[in-house]
There are 2 protein chains.
Amino acid sequence: MIQQYPSALLENAVNEFARLPGVGRKTALRLVLYILRQEPSLAENLGKAIVRLRKEVKYCRICHNISDAEICSLCADPSRDTSIVCVVENVREVMAVENTRQFRGVYHVLGGIISPMDGIGPSDLQIESLVQRVAAGEVKEVILALSATMEGDTTNAYIFRHLAPYDIKISVIARGVSIGDELEYADEITLGRSILNRTPYNDSFKR
Amino acid sequence: MIQQYPSALLENAVNEFARLPGVGRKTALRLVLYILRQEPSLAENLGKAIVRLRKEVKYCRICHNISDAEICSLCADPSRDTSIVCVVENVREVMAVENTRQFRGVYHVLGGIISPMDGIGPSDLQIESLVQRVAAGEVKEVILALSATMEGDTTNAYIFRHLAPYDIKISVIARGVSIGDELEYADEITLGRSILNRTPYNDSFKR
């Protein structure tokens, strides 16, 4: 389709929006026209928030999570147990685990997952710094909380190999039938795992 | 769901994105994390494009379309026939009609459509300026190209009433069965219209 924008400013804004994932040119135009119909403050605030975020964003020196300071609020919180480290892919997973309110330890954000298909190897991730953190001595348990995918399993195995020399507990989050799922629709591998890793009946009510 | 953002900068950017239509907080976070993974220039360009657009956007003094100059490129184009004015709702429809390459006249952008439900009345739209344009004398035909909805019909009727005193041709874009549509699936009203407004057989091959 030929697109003849009546204004270079408009075309430029549409082009920039269309660089975002999942935003096509039609959606970009819809967003831009919406912005034009709103108060100028909306455009001002959105534009500045984007520029400032990218310019001023920091990553925690300890866990590598996105942070406003040198050390993030979770690592700086004296009530968190720094001897238990939960390894996650990204900030989104930190938020997901935090939302469960079931974890009082600290995190280690890898910044991705080993994925040869996407050209992401161990050296692109914060794995070396995790090993150093463990080597420093304070950590007693590392919980691997990555996706239950092939990439997640590969990354788990890689990290396990590098942490094996240290005298710590290494665990993986439980895989099993999701709460609310009907058993007849669970896939065989998940169901098989949930049988192998069955827990004593009373334990399941502890939380 | 509780959302604990690890950074105020991040939270702010997510909040601003989530103000856009069709962008929820999950999508906003996905977009923001994508921006963080890209070169700083992407954030810089997107942010500036948004602010600049809203600050510097102009509307053509004649047709009220979005424009970079006082008078838009279509109104300023000497090859366009200024005696035929196509009335459309918005810049998107200008682009849609332009893309057909079937129209060599000029436009009049209402900036919306009469919609009592949304509190949009005739005075919120560029209808008075359309009447003045016709009153000035150069216009010979006005083509009403609004959506085939109740709001479009209402707006058409309102404009028709106000242009009736002037000695010009007023037409409405044809409604009928879309090219490629099978007749058995066409709705009755559309099919009825297309029978009433049938065209001589040879005319349909003119274009």
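Counting starts from 1 at the beginning of each chain's written sequence and moves along it residue by residue. Chain letters and ligand numbers both follow the written order, the letters beginning at A and the numbers at 1. The model is predicted, so local features are restricted to residues of pLDDT at least 70 and side-chain atom pairs to those at 80 or more, both for listing and for counting; the totals for chains, interfaces and linings are taken over all residues. For the side-chain quantities, the full set of heavy atoms in the structure was used; hydrogens and water were omitted.

Attention now moves to the UniProt feature "zinc finger region: C4-type" (unreviewed entry) in chain A. Taking the UniProt record as the reference, the feature "zinc finger region: C4-type" (unreviewed entry) is found at residues 60–75 of chain A. Helical segments are the DSSP runs of H or I of at least four residues, strand segments are the runs of E of at least two, and each set is numbered from the N terminus. From the first C-alpha to the last, residues 60–75 of chain A spans 8 Å; its make-up is 19% helix and 12% strand. UniProt positions are given in the numbering used here, feature names are shortened, and annotations may be inferred rather than shown by experiment.

Each copy is superposed on the other by least squares, with the fit set by C-alpha atoms of residues at a pLDDT of at least 70 in both. Mapping chain A onto chain B calls for a screw motion: a turn of 180° about the axis and a shift of 0.0 Å along it, with 0.1 Å RMSD after fitting. Taken together, the rotation and translation describe the operation of a two-fold axis. Nearest to the rotation axis, the C-alpha of A:Gly47 is located 1.9 Å from it, this being the minimum over chain A. The contact definition used throughout considers only heavy atoms, calling two residues in contact when any of these lie within 4.5 Å. Interface residue correspondence from chain A to chain B reaches 100%, placing this contact among same-surface, isologous pairings.

Take the interface of chain A and chain B next. On the side of chain B, 56 residues touch chain A, which itself brings 56 residues to the contact. Salt bridge, as used here, is a side-chain nitrogen of Lys or Arg placed within 4 Å of a carboxyl oxygen of Asp or Glu. At the junction of chain A and chain B, the tally comes to 1 salt bridge. Its salt-bridge partner being B:Lys55, residue A:Glu44 comes within 4.0 Å of it at the nearest N-O pair. As used in this structure description, the phrase polar contact means that two N or O atoms lie within 3.5 Å; if the pair is within protein, one of them must be able to donate a hydrogen and the other to accept it, and residues adjacent in sequence are counted only when both atoms belong to side chains. Our count for the chain A to chain B interface comes out at 8 residue pairs in polar contact (both at pLDDT 80 or more).

The interhelical angle for the contact between helix α2 (residues 25–37) of chain A and helix α5 (residues 91–100) of chain B, taken along N-to-C directions, is 145°, at an axis separation of 11 Å. Residues A:Leu29, A:Arg30 and A:Leu33 of α2(A) lie in contact with α5(B), whose contacting residues are B:Val91, B:Arg92 and B:Met95. With axes taken as lines fitted to C-alpha atoms, and helix axes fitted only over the stretch in contact, angles between N-to-C directions fall between 0 and 180 degrees.

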